[in-house]
Amino acid sequence: MTTPFGGGNIVGRAAAVTTGAGSRTVLIAGVGKGLGWALALELAKKGHSVVGCSRSQDRLTSFHSELSSVDSPLSDSAVSSSDKPFFMTVDVVSQRSLERSEIGFFFGSNSSVDELAHAVMEKKGVLDIIGTINRNNRLWEVPEEEFDTVIDTNVKGTANVMRHFIPLMIEKKQGIIVNMSSGWGRSAAAQVAPYCSSKWAIEGLSRSVAKELPSGLAIVALNPGVINTDMLTSCFGNSSALYQTPEA
């Protein structure tokens, strides 16, 4: 979901900021599975402080458990609380906000992106991977609700995160935004028209917002390649096994 960053980043709905010599605080929306999960673990191993969110409390709890076993410089008891991992349950599509709670690491109820942004600022001092695809079908056979879910998650979710985090990054005068795109954001394929549309939208959204950002901030749309995730399996079936896993 992200590559080497400078200053602060939002990656595919993720963000990072400098926390120390060579380390970053990285926000990843969608740490509950797939590429987001693997990326967050790898960044933690490299000593970066991970901020994560997911729509599922159960997935956050599972991720927290695995992250606790990772050999990371930030697992040391001497590390300040502001550099320790920080998590919230958030639906990036929804603007609704419910009551929050803390359990060891930071976990909250279904929370709005705005609440996440201010909680991160409050806890971290500064400041992507969640995504979805339609079931293989010709456009006229894709249910309206399914089409809406793809667009709401992949496009509106990304826009919501940028809407709330970019102003905070502008205040810090630094940051790199990396929105997760796809090979199908620059090409097309049959039976995945909603998904292709959403990723073409990410390309256009990223290029347009790049022209709006002040000096010190940048934005790119990143195609991570073909990764063997649940999403790919839903589209490629057993052939997805031919491709690398997020952990590879």
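Our structure is the block above this text.
Residues numbered from 1 in each chain as written. Predicted model: local features only at pLDDT ≥ 70, side-chain atom pairs only at ≥ 80, totals over all residues. Heavy atoms only, no water.

Here we take up the packing of aromatic side chains. Working definition: an aromatic ring pair is given by the centre-to-centre distance plus the angle between the planes. Overall, the coordinates contain three aromatic pairs when judged by the stated rule. A connected cluster of aromatic rings, assembled from ring pairs, spans W37, F63 and F87. (Phe/Tyr/Trp six-rings, centres within 6.5 Å; stacked < 30°, edge-to-face > 60°.)

When you tally the buried positions in strand β3 (residues 23–29), you get seven out of seven residues, the bulk of the element. Note that β3 and strand β4 (residues 49–54) share five bridges and pair parallel. Across the sheet, residue T25 finds its bridge partner in β4, namely S49. Crossover β3 to β4 through helix α1 (residues 34–45) is right-handed. (Buried < 20%, exposed > 50% of the residue type's maximum accessible area, 1.4 Å probe, protein only. Helix = DSSP H or I, 4+ residues; strand = E, 2+ residues; numbered from the N terminus. Pairing = 2+ DSSP bridges. Right-handed = clockwise from strand over helix to strand, strands pointing away.)

The next subject is the pattern of salt bridges. Inspection of the entire model under this criterion finds six salt bridges. A salt bridge links K46 to E42; the shortest N-O distance between them is 3.6 Å. K46 gets classed as exposed once you look at its relative accessible area, which sits at 56%. Across the pair E203 and R207 runs a salt bridge whose closest N-O atoms are separated by 3.9 Å. (Salt bridge = Lys/Arg side-chain N within 4 Å of Asp/Glu carboxyl O.)

Here helix α2 (residues 57–68) contains 12 residues, and its C-alpha end-to-end distance of 16 Å stays within 8% of the 16 Å for a straight helix at 1.5 Å per residue. L60, F63, H64 and L67 are the residues of α2 that are buried. Here the buried residues of α2 occupy an arc of 105° about the axis, which is enough to place them on one side. Check the buried side of α2 and you find it contacts α1, β4 and β5 (86–89). Measuring from the backbone nitrogen of D58 back to the side-chain oxygen at the start of α2 gives 3.4 Å, which picks out S56 as the cap. (Expected span 1.5 Å × (residues − 1). Arc of directions from axis to C-beta. Contact = heavy atoms within 4.5 Å. Polar contact = N/O pair within 3.5 Å; in protein donor to acceptor, adjacent residues only side chain to side chain.)

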